[in-house]
Amino acid sequence: MHNNSGNLLLAMNTDNFDYTREGDRVRAGDTAEMDIWEELDAFLVDQPEFSEMVNMGQAVLPELNNHMYSSSLDQEIQHFQTIEEKVKANKEESIEEEDAVVDHEDDGEAEMSQADTFANYKPSKSDVGLKHPDLVVETSSLASVEPPDVDYTLAFPPSVIADGKLSALQLEVVIYACQQHSRFLASDERAGFLIGDGVGVGKGRSAAGIIYENYLRGRKKALWFSVSSDLKYDAERDLRDIGAPDISVCLLSKVKYGNLNGESSGILDGVVFSTYSSLIRESRGNNESRINELVQWCGGEFFEGPVSLSNDVFI
């Protein structure tokens, strides 16, 4: 089948032959001399990886001597397939190694890119509260901007801070919001505050903290607007979780027209929760609009309580 000069010979019939080498020709026992190379070439026409198999032949087959030996077509094909399988296995292993190197390089580039784009966030001007339970990041460009100094002192009971009912990050939001609300614009209007935190940071709990802080300061009425009335239950949960369960949350759509400010059934304080669509509704009887009811409940232009416009603006 194979000689030590590296030539690969295959028997072209199913009979057993004893082959001996004579130059470039092979003699089969007492039969007539035949040129096996032409037959071999014809057989290998459809073998595109033949050259690789030949180069690997010495490594994958036993070393043979220049003696006479016998072989059959089935045996030759079996050996040939062995070579083919080993060539393919080596190629697959090489491809896997190359892919692993590429994946490792891609992971490294991704980590470097992420490190260049984002920075871990923690309050830099406020030292109140416990660490936020989850990792929070901000863009590197935003991290390069120094936040304003803190000049506001919270009125929260010590347990709110000590027990971590609001994290340091959420307390920072409350501090900056209340600090901003104490300022007036050039138009003589009170300044507002935008909460720009991403999903999962706890904007609802921060909003509840702002309402609670104002409640403790004597501003016991608040308005909370959202796109869905279902979020009213989230507002109740957030107020309860931060230690303010006594602040009631009333859903405006459940209050009959005229009862919001009624002497016997009116709502004295707490949060009135409403959807934006409810603001444009009017009573069929006296043409009283919901928004006019709310303005009257708040006390008109003298109202100083918080107004939350989800997502998530305070004015």
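The structure under discussion appears in the preceding block.
Residues numbered from 1 in each chain as written. Predicted model: local features only at pLDDT ≥ 70, side-chain atom pairs only at ≥ 80, totals over all residues. Heavy atoms only, no water.

### With respect to the overall build of the chain
The following threshold applies: By definition, any uninterrupted DSSP run of H or I lasting at least four residues is a helix, any uninterrupted run of E lasting at least two residues is a strand, and each is numbered from the N terminus. When accessible area is computed with a 1.4 Å probe and restricted to protein chains, residues below 20% of their type maximum are described as buried, those above 50% as exposed, and intermediate ones as partly exposed. Here, two residues are considered to be in contact whenever any of their heavy atoms come within 4.5 Å of each other. The Shrake-Rupley method, run with a 1.4 Å probe, gives the accessible areas here. Residue values count only the displayed protein chains as cover.
Counting secondary structure elements, the chain contains nine helices and 11 strands. Counting every position in the chain, which comprises 315 residues, the buried fraction comes to 34%. Restricting to contacts in the chain with at least 6 residues of sequence separation, those with at least 24 account for 66%. Taken as a whole, the chain presents about 19300 Å² of accessible surface, with 49% of it coming from carbon and sulfur.

### Description of the environment of proline 147
Of note, proline 147 is situated in the loop between helix 4 (140-143) and helix 5 (158-162). With relative accessibility at 27%, the residue proline 147 sits in the partly exposed group. Linking proline 147 and proline 123, residues 24 residues apart in sequence, is a C-alpha distance of 9.0 Å. Beyond its immediate stretch of four places on either side in the chain, proline 147 contacts Ser124, Lys125 and Tyr176.

### Here we look at the environment of isoleucine 242
Structurally, isoleucine 242 can be placed in the loop between helix 8 (231-241) and strand 8 (249-251). Take isoleucine 242: its relative accessible area is 0%, and that puts it in the buried class. Isoleucine 242 sits 37 residues away from arginine 205 along the chain, and the two C-alpha atoms are 7.6 Å apart.

### Points about the packing of helix 6 (residues 168-181) against helix 7 (residues 203-216)
We count it as follows: Axis definition: a line fitted to C-alpha atoms, over the contacting stretch in the case of helices. Angles run 0 to 180 degrees between N-to-C directions. Our angle categories are set so that under 35 degrees counts as roughly parallel, over 145 as roughly antiparallel, 65 to 115 as roughly perpendicular, and the remainder as oblique. By the definition used in this description, the sense in which the near helix is turned from the far one sets the handedness, with an anticlockwise turn below a right angle giving left-handed and a clockwise turn giving right-handed.
For the pair helix 6 and helix 7, interaxial distance at closest approach is 9 Å and the crossing angle is 50°. Relative to helix 7, the element helix 6 is oriented oblique. Regarding helix 6 and helix 7, the two cross each other, and that crossing is right-handed. When helix 6 is examined against helix 7, the residues Gln170, Val173, Val174, Ala177, Cys178 and His181 are found in contact with a partner set consisting of Arg205, Ser206, Gly209, Ile210, Glu213 and Asn214.

### Description of a nonpolar patch on the surface
We count it as follows: Exposure above 30% relative accessible area and no salt bridge define the residues that can form patches, which grow by joining like charges within 9 Å and nonpolar side chains of Val, Leu, Ile, Met, Phe, Trp and Tyr within 5 Å. Only one rule defines a salt bridge in this text: a Lys or Arg side-chain nitrogen within 4 Å of an Asp or Glu carboxyl oxygen.
Nonpolar side chains collect at one region of the surface, where Phe118, Leu135 and Val137 lie side by side and expose about 300 Å² of accessible area between them. As for its position among the elements, leucine 135 is in the loop between strand 4 (118-120) and strand 5 (137-139).

### Quick word on the pairing of strand 7 (residues 221-226)
Short version of the rule: Pairing between two strands is assigned when DSSP locates at least 2 bridges connecting them.
The buried fraction of strand 7 is high, at five of six residues. Pairing analysis gives six bridges linking strand 7 to strand 9 (residues 270-275), with the strands arranged parallel. Within the sheet, the bridge partner assigned to leucine 223 lies in strand 9 and is valine 272. Bridge count for strand 7 against strand 10 (residues 307-309) is three bridges, and the pairing is parallel. What sits directly across from leucine 223, in strand 10, is valine 307.

### Thoughts on the pattern of salt bridges
One pass over the structure, following the stated rule, counts 10 salt bridges. As a salt-bridge pair, aspartate 149 and lysine 125 come within 2.7 Å of each other at their nearest N and O atoms. You can see aspartate 149 sitting in the loop between helix 4 and helix 5 and its partner lysine 125 sitting in the loop between strand 4 and strand 5, a full 24 residues away along the chain. With a closest N to O distance of 3.3 Å, aspartate 151 and arginine 183 form a salt bridge. On the criterion of sequence distance, the pair formed by aspartate 151 in the loop between helix 4 and helix 5 and arginine 183 in the loop between helix 6 and strand 6 (193-194) is long-range, its members being 32 residues apart. Looking at aspartate 151, the relative accessible area reads 55%, which means it is exposed. Three or more residues joined by partner-sharing salt bridges are found here, namely Lys125, Glu146 and Asp149.

### A word on helix 9 (residues 290-298)
Put simply, the rule reads: Here, the arc refers to the directions that run from the helix axis to the C-beta atoms.
Buried residues of helix 9: Arg290, Glu293, Leu294, Trp297 and Cys298, and no others. For helix 9, the angular spread of buried residues about the axis comes to 130°, placing them on one side. Where helix 9 is buried, its residues contact strand 7 and strand 9. Downstream of helix 9 by one or two residues, glycine 299 has phi in the positive range, about 100°.

### A closer look at the nonpolar core
Basically, it comes down to this: Side-chain atoms within 4.5 Å are what join buried Ala, Val, Leu, Ile, Met, Phe, Trp, Tyr and Cys residues into a set we call a nonpolar core.
Core analysis: the biggest nonpolar cluster contains 31 residues, and Phe156, Leu239 and Val271 have the highest contact counts within it. If you list the elements that add at least two residues to this core, you get helix 6, helix 7, strand 7, helix 8, strand 8 and strand 9. If you look at the next biggest cluster of nonpolar residues, it comprises 13 residues, including Cys250, Val255, Val272 and Leu294.

### A few points about helix 8
Every buried residue of helix 8 is listed here: Lys232, Ala235, Asp238 and Leu239. Here the buried residues of helix 8 occupy an arc of 120° about the axis, which is enough to place them on one side. Following helix 8 by one or two positions, glycine 243 has its phi on the positive side, about 95°.

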